[in-house]
Amino acid sequence: MAPADTTDAFDTPQLLGVADTAPFLHDGRAQTLEELWTTFNSNDVHGVSSLHDKIQLNDLIEFLKTL
């Protein structure tokens, strides 16, 4: 648990409209989808994004915006 956590419960989010639901992560640290996989994804804890280049991450973000 992070210092800002108020519960041990885990609420799995859906992807529909995900691009319109910032901030991201359970405590709102990521203001954009890009930050989710760059700034706040050390050691690939939010998905293995370290294997992807900038173009691939941008493609993923653009795809998520279509949902």
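An account of the accompanying structure is given in this report.

Calculation notes
- Residues numbered from 1 in each chain as written.
- Predicted model: local features only at pLDDT ≥ 70, side-chain atom pairs only at ≥ 80, totals over all residues.
- Heavy atoms only, no water.
- Core = buried A, V, L, I, M, F, W, Y, C linked by side-chain atoms within 4.5 Å.
- Buried < 20%, exposed > 50% of the residue type's maximum accessible area, 1.4 Å probe, protein only.
- Contact = heavy atoms within 4.5 Å.
- Salt bridge = Lys/Arg side-chain N within 4 Å of Asp/Glu carboxyl O.
- Helix = DSSP H or I, 4+ residues; strand = E, 2+ residues; numbered from the N terminus.
- Polar contact = N/O pair within 3.5 Å; in protein donor to acceptor, adjacent residues only side chain to side chain.
- Patch = residues over 30% accessible without salt bridge, like charges linked within 9 Å, V, L, I, M, F, W, Y side chains within 5 Å.
- Areas by Shrake-Rupley, 256 points an atom, 1.4 Å probe, with all protein chains shown as cover.

Moving on: the nonpolar core. In terms of nonpolar packing, the biggest core is built from nine residues, these being V18, F24, A30, L33, L36, W37, L57, I61 and L64. Apart from the residues within four sequence positions on either side, L36 is in contact with L25, A30, N41 and H46.

What follows is about the pattern of salt bridges. Tallied over the full model, the rule gives three salt bridges. Its salt-bridge partner being R29, residue D27 comes within 2.9 Å of it at the nearest N-O pair. According to the relative accessible area criterion, R29 is partly exposed, its value standing at 38%. Across the salt bridge formed by K65 and E62, the nearest N and O atoms sit 3.3 Å from each other. Taken together, the residues K65 and E62, both in helix α2 (residues 54-66) and three residues apart, mark about one turn of the helix. On the accessibility criterion, K65 (48% relative accessible area) is partly exposed.

Attention shifts here to the side chain of N41. Structurally, N41 is set in the loop between α1 (33-37) and α2. Within the local environment of N41, its side chain forms a polar contact with the backbone nitrogen of H46, the two atoms lying 2.6 Å apart. A polar contact is formed between the side chain of N41 and the side chain of S49, at a distance of 2.6 Å. In this structure, N41 is in contact with L36, H46, G47 and S49, ignoring residues within four places of it in sequence.

This next bit is on a nonpolar patch on the surface. On the surface, L15, L16, L60, F63 and L67 cluster together to form a nonpolar patch covering roughly 470 Å² of accessible area. Within the element layout of this structure, F63 appears in helix α2.

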